[in-house]
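Each chain is listed here by its residues.
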Amino acid sequence: VRVACALAPDLPLAAVLRASPELAGLPLAVASAPGPRAEVVAASPEAVRRGVRPFASLAQARAACGSLCVRVASPALERAARDALLDAALGLSPRAIPAPPAAGIYAGEAAVYLDASGVGSLFRSEEGFATALGAAVQKVGLPAVASVAGSRGVAHLVARSIARLGPGAVRVLPPGGEAELLAPLAIDLLDPDDELAESLSRYGVRTLGELLALPRRALATRLGPAVLALAALARGEEVEAQIPVPARGLLVEAVDLDFAIDRLEPLVFVLRGLLSRLATRLDARALAAASLALHLDLEGGGRDERRVGLAAPTADPRTLLRLVHRALETRPPGAAVAGARVEAQGCALERDQLDLFRPAGPAPAALGRTLAELEALCGSQRVGSPALADDHRPGAFAMVGFDGLRSAAPRCAAASPPCTDGLRSAAPRCAAASPPCTDGLRSAASRCAAASPPCTDGLRSPWPSSTGAPARCAPPCAGGFRLAVRALRPAVRAQVTAGSGGPSFVRSAVANGRVLHAAGPWRTTGSWWFAEDRFAYDTFDVQTSDGTLARLRYDHRSGAWEIDAIYD
Amino acid sequence: MPPIPFAAGDRPPDRPPEPAVARLLRDLGPRLRAGGDPPEPRDCLPSGLPEIDRLLGGGFPRGRLCEIAGPPSAGRTSLALSLLARTTAAEEVCAVVDAADGFDPLSAAAAGVVLERVLWARPVPGPRLSEALRGAERLLEAQGFALVLLDPGGRERAVPRSAWARLARTAAASGSTLVVLSRERAAGPQAEVALELGALRAHFAGTPLLLEAIEIEVVLVRQRGARPERSALLRLGAA
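Residues numbered from 1 in each chain as written. Chains lettered and ligands numbered in written order. Predicted model: local features only at pLDDT ≥ 70, side-chain atom pairs only at ≥ 80, totals over all residues. Heavy atoms only, no water.

### Some remarks on the overall build of chain A
Thought 1: For chain A, the count of helices and strands is 17 helices and 20 strands.
Thought 2: Expressed as a percentage of contacts within chain A between residues at least 6 apart in sequence, the contacts between residues at least 24 apart total 62%.
Thought 3: Counting every atom, chain A has about 26600 Å² of accessible surface; 55% of that belongs to carbon and sulfur. (Helix = DSSP H or I, 4+ residues; strand = E, 2+ residues; numbered from the N terminus. Contact = heavy atoms within 4.5 Å. Areas by Shrake-Rupley, 256 points an atom, 1.4 Å probe, with all protein chains shown as cover.)

### A closer look at the pairing of strand E8 (residues 193–205) of chain B
The side chains of a regular strand alternate, first on one face of the sheet and then on the other.
Residue and element names in this part refer to chain B.
Thought 1: In this sheet, E8 lies alongside strand E3 (residues 65–69) in parallel orientation, the contact comprising 4 bridges. What sits directly across from Glu 67, in E8, is Ala 194.
Thought 2: What sits between the antiparallel neighbours E8 and strand E9 (residues 210–223) is a turn of 4 residues, in which Gly 206 has the positive phi angle 95°. (Pairing = 2+ DSSP bridges.)

### Remarks on the pattern of salt bridges
Thought 1: As enumerated under the stated definition, the model contains 36 salt bridges over all chains in all.
Thought 2: Notably, a salt bridge pairs Arg 303 of chain A with Asp 297 of chain A, separated by 2.7 Å at the nearest N-O pair.
Thought 3: For Arg 326 of chain A, the salt bridge is made with Glu 131 of chain B, and the minimal N-O distance between the two is 3.4 Å. Within this pair, whereas Arg 326 of chain A is found in helix H14 (residues 317–330), its partner Glu 131 of chain B is found in helix H5 (residues 130–141), the two belonging to separate chains.
Thought 4: Among the residues examined, Arg 326 of chain A registers a relative accessible area of 17% and is labelled buried.
Thought 5: Taking the relative accessible area as the measure of exposure, Glu 131 of chain B reaches 16% and is therefore buried.
Thought 6: Each of Arg 18, Asp 87, Glu 253, Arg 277, Arg 281 and Arg 285 of chain A takes part in one network of salt bridges that share partners. (Salt bridge = Lys/Arg side-chain N within 4 Å of Asp/Glu carboxyl O. Buried < 20%, exposed > 50% of the residue type's maximum accessible area, 1.4 Å probe, protein only.)

### Brief notes about the side chain of Arg 523 of chain A
Thought 1: You can see Arg 523 of chain A is positioned in strand E17 (residues 512–526).
Thought 2: Looking at Arg 523 of chain A, its side chain comes within polar contact range of the side chain of Asp 538 of chain A, at 2.8 Å. (Polar contact = N/O pair within 3.5 Å; in protein donor to acceptor, adjacent residues only side chain to side chain.)

### Looking at the interface of chain B and chain A
Thought 1: On the side of chain A, 69 residues touch chain B, which itself brings 72 residues to the contact.
Thought 2: For the chain B and chain A pair, buried surface summed over both sides reaches about 6400 Å², with 59% attributable to carbon and sulfur atoms.
Thought 3: Across the contact surface, chain B and chain A share 6 salt bridges.
Thought 4: At the junction of chain B with chain A, the criterion picks out 23 residue pairs in polar contact (both at pLDDT 80 or more).
Thought 5: With 6 residues, H5 of chain B is the largest single contributor of residues to the side of chain B that touches chain A. (Buried area = accessible area lost by both parts, 1.4 Å probe.)

### Section: the packing of aromatic side chains
Thought 1: Enumeration according to the criterion identifies 9 aromatic pairs over all chains in this entry.
Thought 2: Residues Phe 397 of chain A and Trp 120 of chain B carry aromatic rings whose centres are separated by 5.1 Å and whose planes lie at 55° to one another, so their mutual orientation is tilted. Note that Phe 397 of chain A is positioned in strand E14 (residues 397–400) and Trp 120 of chain B in strand E5 (residues 118–121), a pairing that runs across two chains.
Thought 3: Overall, Phe 397 of chain A belongs to the partly exposed group, its relative accessible area being 23%.
Thought 4: Its relative accessible area of 0% is what places Trp 120 of chain B among the buried residues. (Phe/Tyr/Trp six-rings, centres within 6.5 Å; stacked < 30°, edge-to-face > 60°.)

### Regarding unusual backbone geometry
A negative phi angle characterises most non-glycine residues, just as the trans form characterises most peptide bonds.
Thought 1: Here the bond from Arg 489 of chain A into Pro 490 of chain A is cis, since omega is -5°, no more than 30 degrees from zero.
Thought 2: Counting through the fold element by element, Pro 490 of chain A comes out in strand E15 (residues 485–499).
Thought 3: Note the cis peptide between Gly 520 of chain A and Pro 521 of chain A, where omega equals 5°.
Thought 4: Looking at the secondary structure, you find Pro 521 of chain A in strand E17.
Thought 5: At Ser 527 of chain A, a residue that is not glycine, the phi angle is positive and equals roughly 50°.
Thought 6: If you trace the backbone, Ser 527 of chain A turns up in the loop between E17 and strand E18 (535–544).
Thought 7: One non-glycine residue, Ser 73 of chain B, lies in the positive phi region at around 70°.

### Here's the deal with the sheet that holds strand E6 (residues 110–115) of chain A
Residue and element names in this part refer to chain A.
Thought 1: With mixed pairing, the 5 strands of this open sheet are ordered in space as E5-E6-E1-E7-E8. Edge positions in the open sheet fall to strand E5 (96–98) and strand E8 (170–172), since each of these has one partner strand only. The mean inter-strand angle of the sheet, taken between neighbouring strand axes irrespective of direction, is 15°.
Thought 2: Taken together, the 3 bridges between E5 and E6 define a ladder with antiparallel strand orientation. Counted as the bridge partner of Ile 97 is Tyr 113 from E6.
Thought 3: Most of the contacts of helix H4 (residues 75–90) go to E6, to which it runs at about 20°, and overall it touches strand E1 (3–8), E5 and E6. (Axes fitted to C-alpha atoms, helices over the stretch in contact; angles between N-to-C directions.)

### A word on the pairing of strand E16 (residues 502–508) of chain A
Residues and elements named next belong to chain A.
Thought 1: Pairing of E15 with E16, which is carried by 6 bridges, proceeds in the antiparallel orientation. Across the sheet, Val 496 pairs through a bridge with Val 506, a residue of E16.
Thought 2: What sits between the antiparallel neighbours E15 and E16 is a turn of 2 residues.
Thought 3: When E16 meets E17, the two strands line up antiparallel, connected through 3 bridges. Of the residues in E17, the one forming a bridge with Arg 507 is Asn 512.

### What to know about the confidence of the model for chain A
Any region with low pLDDT has predicted coordinates that should not be read closely.
All names here are of chain A.
Thought 1: Considering every residue of chain A, the mean pLDDT works out to 81; 85% of them sit at 70 or more.
Thought 2: Confidence drops under pLDDT 50 across residues 407–457; counting only partners more than four residues distant or on other chains, this segment forms 109 contacts.
Thought 3: Below a pLDDT of 50 lies the segment residues 465–479, which in the model reaches 28 contacts outside its immediate sequence neighbourhood of four places, other chains included. (pLDDT = per-residue confidence, 0-100.)

### Here we look at a negative patch on the surface
Thought 1: On the surface, a cluster of negative charge is contributed by Asp 193, Asp 194, Glu 195 and Glu 198 of chain A.
Thought 2: Following the sequence through the fold, Glu 195 of chain A ends up in helix H9 (residues 194–202). (Patch = residues over 30% accessible without salt bridge, like charges linked within 9 Å, V, L, I, M, F, W, Y side chains within 5 Å. Lys, Arg positive; Asp, Glu negative; His and termini not counted. Charge placed at Lys NZ, Arg CZ, Asp CG, Glu CD.)

### Considering the packing of helix H11 (residues 216–223) of chain A against helix H12 (residues 226–235) of chain A
Residues and elements named next belong to chain A.
Thought 1: Put simply, H11 and H12 touch, their axes get as near as 9 Å, and they point 140° apart. Along the contact surface, H11 presents Arg 216, Leu 219, Ala 220 and Leu 223, while H12 presents Val 227, Leu 228 and Arg 235.
Thought 2: Within the contact of H11 with H12, the residues separate by chemical class into 5 nonpolar, no polar and 2 charged. (Nonpolar A, V, L, I, M, F, W, Y, C, P; charged D, E, K, R; others polar.)

### Here we look at H5 of chain B
Residues and elements named next belong to chain B.
Thought 1: Across its 12 residues, H5 extends 16 Å between first and last C-alpha, which sits within 8% of the 16 Å expected from 1.5 Å per residue.
Thought 2: Within H5, 9 of the 12 residues are buried, leaving the element largely enclosed by the surrounding structure.
Thought 3: Residues of H5 that are buried: Glu 131, Ala 132, Leu 133, Gly 135, Ala 136, Glu 137, Arg 138, Leu 139 and Leu 140.
Thought 4: Just beyond H5, the residue with positive phi is Gln 143, at close to 55°. (Expected span 1.5 Å × (residues − 1).)

### Focus: helix H3 (residues 76–89) of chain B
All names here are of chain B.
Thought 1: Over its 14 residues, H3 runs 20 Å from end to end, which matches the ideal 20 Å to within 8%, given 1.5 Å per residue.
Thought 2: When you tally the buried positions in H3, you get 12 out of 14 residues, the bulk of the element.
Thought 3: Every buried residue of H3 is listed here: Arg 76, Thr 77, Ser 78, Leu 79, Ala 80, Leu 81, Ser 82, Leu 83, Leu 84, Ala 85, Thr 87 and Thr 88.
Thought 4: In the segment just after H3, Glu 91 is the residue with positive phi, at about 65°.

### As for the environment of Ile 52 of chain B
All names here are of chain B.
Thought 1: Inspection of the secondary structure assignment puts Ile 52 in helix H2 (residues 50–56).
Thought 2: Looking at Ile 52, the relative accessible area reads 0%, which means it is buried.
Thought 3: For the pair Ile 52 and Leu 220, spaced 168 residues apart in the sequence, the C-alpha separation amounts to 9.2 Å.
Thought 4: Beyond its immediate stretch of four places on either side in the chain, Ile 52 contacts Ser 47, Phe 60, Leu 79, Leu 195, Val 218 and Leu 234.

### Comments concerning the sheet that holds strand E4 (residues 69–72) of chain A
Residues and elements named next belong to chain A.
Thought 1: Strand order in the open sheet made by the 3 strands is E3-E2-E4, with mixed pairing throughout. Lying at the two open borders of the sheet, with one neighbouring strand each, are strand E3 (40–43) and E4. The sheet shows a mean angle of 30° between the axes of neighbouring strands, taken without regard to direction.
Thought 2: Relative to E3, strand E2 (residues 28–31) is paired through 3 bridges, and the arrangement is antiparallel. Looking across to E3, one finds that Val 30 is bridged to Ala 42.

Written out as structure tokens, the structure reads:
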């Protein structure tokens, strides 16, 4: 068994720098609490060089370094940093587990163990794997060192031993020679408790080699059973259980704000950092966010929790930020925000196989982002692919999910059969009164038929019906260009002066003037068995004196005239 | 005897003087083209209407902002649906940003549009066009939509010039064709191609009276790099 260990030595400092990278290079101290009596938990190398020492009071630290930047330790940031360390490890190995929290002088470190068995073939060597591990951890914003050894404990000891070399240091203990290589390491790396450390010091035991050279029984007699555990750890004798595959859970990024934010722009600025870090973690694990939740801690103890709609999984931080911004614009928080947390449910990135013989459409990831943003802009019910509805109601249509290139078998308009039925095509009004057509062409048969049957539904028209005349259908179509309609949703009310021959004058927001030509009426009725949904229209094609060609209809239910489409 | 060195800035006497035009071509590189060279062939989206394609020299150029302007009943929608039908029939993916909420799927299907290949975004109607403009920009940024139709619903005058410039830049970067359906030309110099449509007459005939067709005039009022002010007559409806 081979185990790798990635170790971030100074987590409180690393977590602050991960959230505020602009502080890198400055004298920085992380305090346990606000106020001058708070204790310095961690200090940057620049601050240490100027005399700031961990465990000193903040007042003493400020006295030593006047330009000291101070941040209060944030449990939320540290939790997110620990999770980020695990995410970076999971990007390289499917089996990874966080190390149990350390105590004593190593309380501020965070470590993760990875199953490194067989990685040499993927990364050429275990050194290559350890280097890639260190780089992956640095990519998520944490300075870390990496080691590979035969057990978790030994790998952890080695990682601690190279932490002083700085971020990016790696060391590999080859199988078999571990005891020899561990011998010169300091005994402090085992983190013994204070009493045991003092006893070992009195015995003159300062390295692991010196400890292992002592007889085991005598050690237990003189120093107690605790030292045996340390000796076993130093020998690499611990029983190594298999590192499990973690569940694909939530990815959480959070921040506790020093001051409450009551305006949208600064809040979005804070959320930008959160989402950027979240996207980096998603990228490290090759995941996308399938869902996104935003939790805001409000001043006064309130909470604002909302889900941000994602039409498709995405890991793009700009898209996530736009969606969050949009959600906050639509419904601003009720009070100033004192803390924020974003949670993303990760899912595998969608892959797409390109087609050699079709034009390349939008990439699945880009399409997902675009759909998500369009839904945020327009609403989830107003984005999709248009479809013909199985409904005779005029203007009925449906919207279905858009899947781009993965759509149904393509239809070629040019391949549509020629119109040979002696009926005119391209009468959009027929579509409303007829079942959806399947060949892209629309026959005027329904219009002709609609014009011919006598009125049997008990509706009385204020004009003579054209049913007396034989229905004359148009000559065979010869490939002319189709006249389309522009729908008006909702239909525009019109004031119409109607005579015995139909409408003679129209006044409306879209068409005005004397009616020059009027064709119709064509009656469309349906859903008469439902009192609420029934409809009955007499429809005319009219040309008004202002040049507009409109589809004008008389609604028998409301007794009103309206224009539901313009020929355009 | 060794050759006498030239002073700095002199040219060897055995080389002919460099013509000014050649020097300009060398300095300015590909930005200059010697007169008389034929223009490079453009990649176009054919409209499916031979008269329009002849007028435009092949169709609507890819990666450019194009404008189709005209009053109601002038044939804008019919021309746009024909372009959409031709493009989707070529298995390309298209998008319609419909601020007017006037796209009629029945009419589009009748025109031959493959509806499965059309993404239809319907911003909530209102006085602001920002959602429609943002939506069009996102669709262009997605890179893969051959055609993005933007229908501002007659409110194109409210669009600032900077927005047109931004859309034109995004279209150029993405390779998608952005076609704007407007009542009056609004994109100005940002439009690579601008067509103005006008209705000539409508034909009603038969017993009972039926709307047979409309005749429209299409005027090419702007085409970058070509002589505009050419026109074509079109008959829309049953032939």
